[in-house]
Amino acid sequence: MAVYILKWAAILILAFLAGKLMTKFKMPSILGWLAVGILSGPHALELMPQNILDAGWYKIILMWMQCAFGLMLGSELVWNKLKRSGKALITTTLAQSLGTFTSVSLAFGILFAITKVPVYLAFVFGGIALATAPAPALSIINEFNAKGPVTSTLLPMAILDDVVGIVIFFTINSLVAGKVSGGTVPLYMIPVMIFLPVLIGVIVGFPVGLLLCKTEKKASILAILLSGITVTMMAGWLLNTRLLSNITLNYMLMGVSFSAVFSNMLTPVQLANASNYFSPVLGLALLTAIVDLGAPLDYHLILGAGLYTFIYIAARSFGKYFGARIGATLTHMPDTVCKYLGLTLLPHSGVSLVFTGIICSTLVSAPELVQIIQGTIAAAAIINEFIAVIAAKKGFELANEIQKP
């Protein structure tokens, strides 16, 4: 195991250097991280073979990192900030989520009706398309110190988008299971998947907040935060493996709720200091998440991408962009949010691959449908991710929210 850990650490260093190289061409570091992840994975150079990706120690590290970068989102959930735009935020989130679901479902519904594929599969694609991978956009925000209305809207929206995606996808998954044989998550488990991670984070976050209020030393603040993340992750892991092994809890959501609690207990100055001290850990968490995002992707699928893949990418992009634009316009959000928020919502692949694995297990008795889903989403994950990262950075640039060095 020690050899695998050293190899994995070397890959992270290589990804970091590749990210630095990308910045020389005025591109975001994440493109270098993603490329190294893909090239290191089991479908390329096998520096990170499948047995590493499936190893228990690797999954635990990733759970911890997911909790850790959840802090970047949770620290934005300060009540004094949210109460000024809460209604607009919820409306815009629902508009872009439901717009995406409708756009993708309608496009595939028409296509499948013509090609004699079961039309209910169109709603499966719509449910998968809802997912937004927050790590790419967060890495751009972190790298370029993006600040402004688009950034302030995106951060809390990433959390709400996750919740909407879970509810709609797992509802569809359960309904599809009624048509075919195969395992599924019962409808009554959907609230558990949302509220249990939140509850875990809140329970750990409150005592952490009390401790943070009493110290100003950098070492103490870091020790408290790192310990809090570890306790949060371990609590989630124990519940997930011992009591709820048939579902996967959202560890980022645990980190979000954990940090949201203590963020509302600290003064603005205390919170800013804690965020600054934690910044190097956040950078490592994002690097790890992006390399892991790329590792399972098979770049060969780009050559095999067909009509389904391009329809999926186009319909999802259309729904995300115009859904966000309509929602932001209706709620009178700033002009830059109306125009450019949708571009920052395009990154997708990590969550989409998780959703794909779940629905494929549900459709195990219909291998021809599984093949359609796997081929389409896997190819779209690779093509879309590079396009989406560039589009997201462009969105922040057009909104004038990227800070000049």
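Above this text sits the structure in question.
## So, the overall build of the protein
Helix and strand counts for the protein stand at 16 helices and 0 strands. In summary, the protein has a C-alpha radius of gyration of 20 Å against a globular reference of 22 Å for 405 residues, a match within 12%. Taking the principal axes of the C-alpha coordinates as reference, the protein spans close to 65 × 55 × 50 Å. Pairs at least 24 apart in sequence give 82% of the contacts found in the protein among residues at least 6 apart. Counting only carbon and sulfur atoms, one obtains 71% of the accessible surface of the protein, whose full area is about 17,500 Å². Measuring between centres, the 23 positive side-chain charges of the protein sit 7 Å from its 14 negative side-chain charges.

## Considering the pattern of salt bridges
One pass over the full model with this rule turns up 3 salt bridges. Close ionic contact of K339 with D335 constitutes a salt bridge, the shortest N to O distance being 3.2 Å. Here K339 and its partner D335 are both found in helix 14 (residues 335–344), 4 residues apart, which amounts to about one turn of the helix. When its relative accessible area of 31% is taken as the criterion, K339 is described as partly exposed. Measuring nitrogen to oxygen at the nearest pair gives 2.4 Å for the salt bridge that ties E397 to K393. Here K393 and E397 lie together in helix 16 (residues 367–398), a separation of 4 residues that amounts to about one turn. On the basis of relative accessible area, E397 is assigned to the partly exposed category, the value being 31%. Salt bridges here are not isolated pairs; linked through shared partners, they connect K393, K394 and E397.

## A short note on the packing of helix 8 (residues 149–177) against helix 14
Running from N to C, helix 8 and helix 14 cross one another at 50 degrees; their axes reach a closest spacing of 9 Å. If you check the angle between helix 8 and helix 14, you find them oblique. At the point where helix 8 passes helix 14, the crossing takes the right-handed sense. Facing helix 8, whose interface residues are P149, V150, T153, L154 and M157, helix 14 presents T336, V337, L341 and T344. Of the residues assigned to the contact of helix 8 with helix 14, the class counts are 6 nonpolar, 3 polar and no charged.

## What to know about the packing of aromatic side chains
How two aromatic rings sit relative to each other is set out by the distance from centre to centre and by the angle between their planes. Per the counting criterion, the structure on display carries 14 aromatic pairs. With centroids separated by 6.0 Å and ring planes inclined at 90 degrees, the aromatic side chains of W8 and Y58 adopt a geometry described as edge-to-face. Taken as a pair, W8 in helix 1 (residues 2–24) and Y58 in helix 4 (residues 56–74) lie far apart in primary sequence, 50 residues in all. In this structure W8 comes out as buried when scored by relative accessible area, which is 8%. By relative accessible area, which is 1% here, Y58 ends up buried. Of the aromatic side chains, those joined through ring pairs into one cluster are F108, F112, F125, Y308 and Y312. Sitting over the ring of F144, K393 keeps its end group 5.2 Å from the ring centre.

## Let's talk about helix 12 (residues 268–294)
Between its terminal C-alpha atoms helix 12 stretches 36 Å, which fits the 39 Å expected from 27 residues at 1.5 Å a residue. Where helix 12 bends most, at S279, the angle is about 50 degrees, and the proline P280 comes one to four residues later.

## Examining empty space enclosed by the protein
Inspection of every chain in the model, using the stated rule, returns 2 cavities of 30 Å³ or more. Taken as a whole, the largest cavity encloses approximately 40 Å³ of empty space. When contributions to the lining of the largest cavity are tallied by element, the ones reaching two or more residues are helix 7 (134–144) and helix 8. With 3 residues, the single largest contributor to the lining of the largest cavity is helix 7.

Conventions used here
- Residues numbered from 1 in each chain as written.
- Predicted model: local features only at pLDDT ≥ 70, side-chain atom pairs only at ≥ 80, totals over all residues.
- Heavy atoms only, no water.
- Helix = DSSP H or I, 4+ residues; strand = E, 2+ residues; numbered from the N terminus.
- Rg over C-alpha atoms; globule rule 2.2 N^0.38 Å.
- Contact = heavy atoms within 4.5 Å.
- Areas by Shrake-Rupley, 256 points an atom, 1.4 Å probe, with all protein chains shown as cover.
- Lys, Arg positive; Asp, Glu negative; His and termini not counted.
- Charge placed at Lys NZ, Arg CZ, Asp CG, Glu CD.
- Salt bridge = Lys/Arg side-chain N within 4 Å of Asp/Glu carboxyl O.
- Buried < 20%, exposed > 50% of the residue type's maximum accessible area, 1.4 Å probe, protein only.
- Axes fitted to C-alpha atoms, helices over the stretch in contact; angles between N-to-C directions.
- Parallel < 35°, antiparallel > 145°, perpendicular 65-115°, else oblique.
- Left-handed = near helix turned anticlockwise from the far one by under 90°.
- Nonpolar A, V, L, I, M, F, W, Y, C, P; charged D, E, K, R; others polar.
- Phe/Tyr/Trp six-rings, centres within 6.5 Å; stacked < 30°, edge-to-face > 60°.
- Lys NZ or Arg CZ within 6 Å of the ring centre and 35° of its normal.
- Expected span 1.5 Å × (residues − 1).
- Bend = angle between axes of the 7 residues up to and from the residue.
- 1 Å grid on protein atoms, 1.4 Å probe; cavity = no way out; pocket = protein on both sides within 12 Å on 5 of 7 lines; lining within 4 Å.
- Points joined across faces, edges and corners; volume = space filled by probe spheres on them.

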